[in-house]
Every structure is written in structure tokens, then in C-alpha cells.
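Below, each chain spelled out in residue letters.
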Amino acid sequence: MVLPTSVLAAKIWYAWNARVGWNGAGIAKSTFEKGAGGEKGKALSAAAIHAGSPLRNDWTREEIQAIFDSPFMDLMYYGAKVHRENFNGREVQQCTLLSIKTGGCTEDCKYCPQSSRYNTVVKAQKMLDTGEVLDAAQRAKDAGSTRFCMGAAWRDLAGRKSNFKKIVGYVKAIRGMGMEVCCTLGMLDQVQAKQLKEAGLTAYNHNLDTSREFYPKIISTRSYDERLETIGNAQDAGISVCSGGIIGLGEQEEDRVGLLYTLSNLPKHPESVPVNALLAVPGTPLENQEPVSVFDMVRMIATARIIMPQSMVRLSAGRVRFSVAEQAMCFMAGANSIFTGDKLLTTPNNEFTDDQKMFQLLGLVPKPPNFEQGSDNPDQPQYDGIKIKAEVAA
């Protein structure tokens, strides 16, 4: 059975299949209820049950946990299925991230080498000048990137009027190059968000990092609610939001589920959800953390894809540790965006030439820019509050 792609058709299909006894993946429930000799067979996995869900922002933790805990091959398969129902499965967005103001940050994020509280190789620098930023943007475009992201190691923009004015100018200039433009500048108020939107900003990145429960063990200088407030200010201004988190901080699996729970229950799903694997940096409190496996990444990516089917899922920091075969697993499970270039802010990233070879080997193609996105776009996705109640595999 082929699933519909339009929201209206999805709602009609979903109500009909619930009535006649099909599960969320387009498979007759009776197919699994009896095996040979009429014996009741094993229940469907939660990944299979929820793979055909309408767009929702009323997920429960229990539902997400059940999807996350699905048998690995099931989870990867249904992540791939949902991905291909909402996107061209071969297209991958290429983004470039530039640190325009490095080091000297007053925050105490335990993973970050840019914090002034830790003794790392990263030292405070002045903000890059206009020529350096625009030249970097042009090089990124020439290399195939369609989104250029600018990051500054600040808690917020208070007292930074002159620098903020420069950044507004950068946004205008880079948008004029025909690229999507993203910024991550710390906390953002409503006025600043409106100014960035008027300048042409496509997206604002503000990660939640982890679950609300685990968050105080990683950061004490900015609250979880302050992060959510910045996300709200950006969305209210009509800016797309890029928000995800980091795995490998010492959290439990339920914290990874908790992060996805918060993201998937925002009034609007993030336009893009970066999934980062911690790159432990000497001198930070997390310098001795063990790296996560590709199987951890795939579980996060596939679960995010199923519960936020229309969001970009970005295979972000930590990708440099994974082989091409391991990255292919992530793309198959639902990732469709990467950062290109040899550095992500201050940590290493894959070489551009290596990514070119990977695209060719895997048959991937660059995803074109999307200038129609934004929460002020009149063609907004419609969320459905239907919950699925069904037996899932233990």
C-alpha cells in the first residue's frame, strides 16, 4: 500500500486504515496477529506502528521511547521509509559553519572548548571582519554549500550593538549571494529576531543540547526555558529554527528520548534537527567521555525522522569519526543534511574532497536551497493530534 504525501490525504488515509484494520505502516494487522497454525505472532514494533503517523506535536515520552527501543533493523527501515515519503532520498543538504567570534564565552557548557572557564587550546579572538566572512561564504558556495551558518561564542547580544549591526549586514550580503543564511549568536530577543528576519535570515540555530532533566548537569549559566524562549522568539519572527542536541555527554537513553520529546512537541517542529556526537576536547570537563557508536547515532536519527517527518535531520558534529559505510547508515535512516568544510566552529570536520568522493560513491546529490521556508510562510504544515494506541513489541 502506498502512503499518501499530502496532509489532507494523510488524514483521510489514517482514519480509514484505523477503521478497517491496517497499521501505521500500511500493513494489515491480521498479517501479524496469526502465524502458522493460527498462533498469535509477535507484535509489531513501535517504529512500524508509528511510521505512518500524521504530522504531530503531541507525542508522549512513552511513544517516543517505544520507537527508540524498536529492534534496530526495524527502526532503521522505517526511518528510511518515512524519509523517502517526505524527501528525495538521495538529496543531502550541504551547509558550512564559520566561527565569526571565537572563544572567551562566559557560559559553562561542559562540552565546549570556547568557554573562558576552561583551559583549552581555544583562545578568545575578535570578531572576523567583513572581508573574511564574505570571502568564506563565497568559497562555501563555490564548494557546493547552499546554507552558510555564522556562529559567535556569546551568551547573548546584550551590549553588542555594533557587532550585531555588522552581522545584520553579513546576513544581507550572503543572502544576496543566493544562499540560505543561518546564525547562532546565543540568546535572542524579539526585537533582534525581527531585525535578523528583515535582513533575510533563513534560520536561527539554538540547540537544547539534551533533556530538561539532564541539562543542569551540563550547563548552569543558561536555563532550559531561556533556550526555549529564544526558539519561540525566532519562530514568532518568521525565522526557521534549527535545534537539536548532543549525545555522548554522559546522559542516559531516556535523556536522548527526552530531548526528542521536547523538540517534537514544540508548536512547530524545527526546520532542521542537528544530531551531534560529542567530540571530547582536552581541557573541558567532558574530556574523558567515551565516543558514541554509529548505532547510537542511527537510533537518534531514525527516531527523529519518524516523529518529525518533515524536518531536515542533520548528521552534524562527530561525523569525522565515522567511516563512509557508517555515514551511509545514517543517511539511510533519515539524515539528509551535513556540515561541509574542515572545521565546525573549533572542532575538526570531514575534508571537502572526502565528502565529494562519498557523495559520488553513495549516489547522493546536493539538495537545492529553500528560500520559501520560515514560520511566516502561509503554506504551513498542519499538525494532527491523533494518538495511536496499539500493542507494540516488548
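Residues numbered from 1 in each chain as written. Predicted model: local features only at pLDDT ≥ 70, side-chain atom pairs only at ≥ 80, totals over all residues. Heavy atoms only, no water.

**Student:** What exactly am I supposed to notice about the packing of aromatic side chains here?
**Tutor:** For any pair of aromatic rings, geometry is given as the distance between the ring centres together with the angle between the planes. A complete count under the given rule lists 3 aromatic pairs for this structure. On the numbers, 5.2 Å between centres and 70° between planes, the contact of Phe72 with Phe295 is edge-to-face. Residue Phe72 is found in helix H5 (residues 72-86), and its partner Phe295 is found in helix H11 (residues 294-307); the two are separated by 223 residues along the sequence. On the basis of relative accessibility, which here comes to 18%, the residue Phe72 falls in the buried class. Note on Phe295: relative accessible area 47%, which makes it partly exposed. When the centroid spacing of 5.1 Å and the interplanar angle of 70° are considered together, the rings of Tyr215 and Tyr224 count as edge-to-face. What makes Tyr224 buried here is its relative accessible area of 4%. Between Arg56 and the ring centre of Trp59, over which it is positioned, the NZ or CZ distance is 4.0 Å. (Phe/Tyr/Trp six-rings, centres within 6.5 Å; stacked < 30°, edge-to-face > 60°. Helix = DSSP H or I, 4+ residues; strand = E, 2+ residues; numbered from the N terminus. Buried < 20%, exposed > 50% of the residue type's maximum accessible area, 1.4 Å probe, protein only. Lys NZ or Arg CZ within 6 Å of the ring centre and 35° of its normal.)

**Student:** Before we go on, may I ask you to explain the packing of H11 against helix H12 (residues 324-333) in this structure?
**Tutor:** The relative placement of two packed helices is expressed as an angle between their axes plus a distance between the axes. Between H11 and H12, whose axes approach to 8 Å, the crossing angle comes to 15°. Considering their axes alone, H11 and H12 lie roughly parallel with respect to each other. You can see that H11 and H12 cross each other, and the crossing is right-handed. In contact with Val294, Phe295, Met297, Val298, Ile301, Ala302 and Arg305 of H11, H12 contributes Glu326, Met329, Cys330 and Ala333. For the contact of H11 with H12, the class distribution of residues is 9 nonpolar, no polar and 2 charged. (Axes fitted to C-alpha atoms, helices over the stretch in contact; angles between N-to-C directions. Parallel < 35°, antiparallel > 145°, perpendicular 65-115°, else oblique. Left-handed = near helix turned anticlockwise from the far one by under 90°. Contact = heavy atoms within 4.5 Å. Nonpolar A, V, L, I, M, F, W, Y, C, P; charged D, E, K, R; others polar.)

**Student:** Is there a simple way to explain the pattern of salt bridges in this structure?
**Tutor:** Note that side chains of opposite charge can pair when their charged atoms are close. Applying the stated rule across the entire model yields 15 salt bridges. In this structure, Arg319 and Asp355 form a salt bridge, with 2.8 Å as the shortest nitrogen-oxygen distance. Taken together, the positions of Arg319 in the loop between strand S8 (312-315) and H12 and Asp355 in helix H13 (residues 352-362) put the pair 36 residues apart, joining distant regions of the chain. Here Asp355 falls in the buried class, since its relative accessible area comes to 2%. It is possible to trace a salt-bridge network through shared partners that takes in Glu107, Arg155, Asp156, Arg222 and Glu226. (Salt bridge = Lys/Arg side-chain N within 4 Å of Asp/Glu carboxyl O.)

**Student:** Would you mind showing me how to read helix H10 (residues 253-264) here?
**Tutor:** Residues spaced three or four apart along an α-helix face the same direction, because each turn holds 3.6 residues. Helix length check: H10 (12 residues) gives 17 Å between terminal C-alpha atoms against 16 Å at 1.5 Å per residue, within 8%. For H10, the buried fraction is high: 9 of the 12 residues fall into the buried class. Taken together, the buried positions of H10 are occupied by Asp255, Arg256, Val257, Gly258, Leu259, Leu260, Thr262, Leu263 and Ser264. For H10, the secondary structure elements touched by its buried residues are helix H4 (61-68), helix H9 (224-236), strand S6 (245-247), strand S7 (272-277) and H11. (Expected span 1.5 Å × (residues − 1).)

**Student:** How should I be thinking about the side chain of Asn207 in this particular structure?
**Tutor:** Within the secondary structure layout, Asn207 lies in the loop between strand S4 (203-205) and H9. Here the side chain of Asn207 touches Gly244 through a polar contact of 2.9 Å, landing on its backbone nitrogen. (Polar contact = N/O pair within 3.5 Å; in protein donor to acceptor, adjacent residues only side chain to side chain.)

**Student:** In this structure, what is going on with helix H7 (residues 161-176)? I would like to understand it.
**Tutor:** Here H7 is 16 residues long and its end C-alpha atoms lie 23 Å apart, about the 22 Å a rise of 1.5 Å per residue gives. Listed in full, the buried residues belonging to H7 are Phe164, Ile167, Val168, Tyr170, Val171 and Ile174. Around the axis of H7, the buried residues are gathered within 160° of arc, so they sit on the same side. Exposed residues on H7 whose side chains face more than 90 degrees from its buried face are Lys161, Ser162, Lys165, Lys172 and Gly176. Just beyond H7, the residue with positive phi is Gly178, at close to 90°. (Arc of directions from axis to C-beta.)

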